[in-house]
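# A structural walkthrough
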Protein chains: 2
Amino acid sequence: MATESVTDAGRNPRERYRAQVRDEVKRHAWEQIATAGVSALSLNAIAKEMGMSGPALYRYFAGRDELITALIRDAYRSLADTVRAAHEAGTTVVALAAVIREWALSDPQRYLLIYGTPVPGYHAPDDITAISDEILAVLLEVCGGSPDEQPRSPFDVVLGLNRGWAGALPASSPTVHRALSFWTRLQGVLSLELAGHLTPLGFDPGLLLAEEVADL
Amino acid sequence: MATESVTDAGRNPRERYRAQVRDEVKRHAWEQIATAGVSALSLNAIAKEMGMSGPALYRYFAGRDELITALIRDAYRSLADTVRAAHEAGTTVVALAAVIREWALSDPQRYLLIYGTPVPGYHAPDDITAISDEILAVLLEVCGGSPDEQPRSPFDVVLGLNRGWAGALPASSPTVHRALSFWTRLQGVLSLELAGHLTPLGFDPGLLLAEEVADL
DNA sequence: TCATCGCAGTTAGAGGCTCTAACTACAGCT
DNA sequence: AGCTGTAGTTAGAGCCTCTAACTGCGATGA
């Protein structure tokens, strides 16, 4: 499991210890989240589990929100690493979708922490949005076709006029379109599957996902 | 706004009053949810806003969870009514997608209460899953083609072998497949858009959604 | 080597929450 | 007109987050 802090790289023992404790706090936090959701996450409970008394944890995290932000960062990092590894191993869109699905299924609440219900006011810090961009960049590469591909649909044309994000990246409009379709179709299947809305329908969501991303 | 209880139908004044208060509680609850998310929903705060003291609300809702369940029910009911109305007015899949998107955008947290992060243990009561089925049934009708349509893809075949849900409904495998694709693509665009993950990309999600559901 | 200083961890406590228990007082029914 | 059930009250237990003030250990510099 990738963690934000390169734990054992702290020079002085103080920093090493701090990083260790932070990691242990996060481990307990993930456990709580996996079993009862993020709303049940309690600094107090974590402190007790670690054999300390309540406010001690505030030495390590400014508050509940900062802990959650750290968890979100780790989740993004883990997903980005997974996606990048798959890409570097040379993957198809279908295989990539399957890899991401497995990543999500291995810890649904971790996926939902990123792509589930956001708190209305919340705005992620820049270093986190950077990781998100990193993921999208890989998507563009995986969905890339011939560089001089012409627009094929009205939406392609719109994407061509206003390249918004990905302005710098060398991707044709259809490539951007494919990446967007890939991403939204993937999220569609996953968010419904993880929320349990597909279970009663009695089919394998993996099959649906494979076909959804096969014809972009 | 459709509410579960047909407020003014209570026969004796006691029941009428109860229904009125329940509705007022729910109105305040929706306000809180819209501004700060469901995790910030507080019975205590609602009671104060209504000029009563804390525990009074427990006469009307057995607890926080029951209130939330009632809100979920109302949200499903509202969506089902919206979908049904569009269908009865004769709608295309593209138009239906736009209608549902508008419904979601008009109150993002209401959409997210249904399709956002679920609490791990939560299981919706039967009357709520019935509303969900109602929505899916309309989807099948909107996506229906000729009744003797033949399977076109491996997933169609799988759907044909194991009709799971919709066993009773007269829908061909490709119809079921189209409904499923429609539903997952819609959820994909909406969940990303409402969580704010599409905003930085700088394009109109409505356009993407229209093309996504245009070619099923 | 020893004094110092900073940081980990403590308890106390304010203020919020959910929810239960026991009580009061009023409104509707017979 | 009296009875009864129910809406509302306060008190309080037990959670939570987070602040403040204090203690005591361990790393670091003279």
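The following paragraphs examine the structure supplied in this document. Not measured: the values here are computed from a predicted model. (Residues numbered from 1 in each chain as written. Chains lettered and ligands numbered in written order. Predicted model: local features only at pLDDT ≥ 70, side-chain atom pairs only at ≥ 80, totals over all residues. Heavy atoms only, no water.)

### A word on empty space enclosed by the protein
Residues and elements named next belong to chain B. This model, assessed by the stated rule, comprises four cavities of 30 Å³ or more. Taken as a whole, the largest cavity holds about 60 Å³ of empty space. Lining of the largest cavity is provided by eleven residues; of these, Leu159, Asn162, Arg163, Trp165 and Val176 occupy positions nearest its centre. Taken together, the residues of the lining of the largest cavity sort by class into six nonpolar, four polar and one charged. (1 Å grid on protein atoms, 1.4 Å probe; cavity = no way out; pocket = protein on both sides within 12 Å on 5 of 7 lines; lining within 4 Å. Points joined across faces, edges and corners; volume = space filled by probe spheres on them. Nonpolar A, V, L, I, M, F, W, Y, C, P; charged D, E, K, R; others polar.)

### Points about the protein's contact with DNA strand C
DNA strand C sits among 20 residues. The nearest are Arg59 and Tyr60 of chain A together with Asn44, Tyr58 and Arg64 of chain B. Backbone atoms, meaning sugar and phosphate, form 61% of the atoms of DNA strand C found within 4 Å of the protein. Separating a phosphate oxygen of DNA strand C from a side-chain N or O atom of Tyr60 of chain A is a distance of 2.4 Å. A distance of 3.4 Å is found between a phosphate oxygen of DNA strand C and a side-chain nitrogen or oxygen belonging to Ser42 of chain B. Partitioning the surface near DNA strand C into residue classes produces ten nonpolar, five polar and five charged. (Near = heavy atom within 4 Å. Polar contact = N/O pair within 3.5 Å; in protein donor to acceptor, adjacent residues only side chain to side chain.)

### Describing the protein's contact with DNA strand D
Taken together, 19 residues lie near DNA strand D, and Asn44, Tyr58 and Arg64 of chain A together with Arg59 and Tyr60 of chain B sit nearest. Near the protein, meaning within 4 Å, the atoms of DNA strand D are sugar or phosphate in a fraction of 65%, with bases accounting for the rest. Measuring from a phosphate oxygen of DNA strand D, one finds a backbone N or O atom of Asn44 of chain A at 3.0 Å. A distance of 3.2 Å is found between a phosphate oxygen of DNA strand D and a side-chain nitrogen or oxygen belonging to Arg18 of chain B. Among the secondary structure elements, those contributing two or more residues to the surface near DNA strand D are helix H2 (43–49) of chain A together with helix H1 (13–36) of chain B. Classifying every residue of the surface near DNA strand D by side-chain character gives ten nonpolar, five polar and four charged. (Helix = DSSP H or I, 4+ residues; strand = E, 2+ residues; numbered from the N terminus.)

### Some words on the pattern of salt bridges
Residue and element names in this part refer to chain A. For the structure on display, the rule yields 22 salt bridges over all chains. Residues Asp81 and Arg77 are paired through a salt bridge, measuring 3.3 Å at the closest nitrogen-oxygen approach. With Asp81 and Arg77 both in helix H3 (residues 64–88), this residue pair falls four residues apart, about one helical turn. Arg77 gets classed as partly exposed once you look at its relative accessible area, which sits at 22%. Between Glu134 and Arg77 there is a salt bridge whose closest N-O contact spans 2.7 Å. Placement of the pair is Glu134 in helix H6 (residues 126–142) and Arg77 in helix H3, with a sequence separation of 57 residues. Salt bridges linked by common partners bring Arg77, Asp81, Arg84 and Glu134 together as one network. (Salt bridge = Lys/Arg side-chain N within 4 Å of Asp/Glu carboxyl O. Buried < 20%, exposed > 50% of the residue type's maximum accessible area, 1.4 Å probe, protein only.)

### Description of the relation of the copies chain A and chain B
Rotating chain A by 180° about the axis while translating it 0.0 Å along that axis superimposes it on chain B, leaving an RMSD of 0.0 Å. Read as a symmetry element, the transformation amounts to a two-fold axis. The rotation axis passes nearest to the C-alpha of Gly188 of chain A in chain A, at a distance of 1.7 Å. A share of 100% of the interface residues of chain A reappears at the interface of chain B, consistent with the copies meeting face to face through the same patch. (Least-squares fit on C-alpha atoms with pLDDT ≥ 70 in both. Contact = heavy atoms within 4.5 Å.)

### Quick notes on the interface of chain A and chain B
Each side of the interface is counted separately: chain A has 47 residues, and chain B has 47 residues. Salt-bridge contacts for Glu212 of chain A lead to Arg185 of chain B; the nearest nitrogen and oxygen are separated by 2.7 Å. The tally of links between chain A and chain B comes to 15 residue pairs in polar contact (both at pLDDT 80 or more). Elements with a minimum of two residues in the side of chain A that touches chain B: helix H1 (13–36), helix H5 (108–115), helix H7 (154–161), helix H8 (173–194) and helix H9 (205–214) of chain A. Residue contributions to the side of chain A that touches chain B peak at twelve residues, all from H8 of chain A. Classifying every residue of the side of chain A that touches chain B by side-chain character gives 27 nonpolar, 16 polar and four charged.

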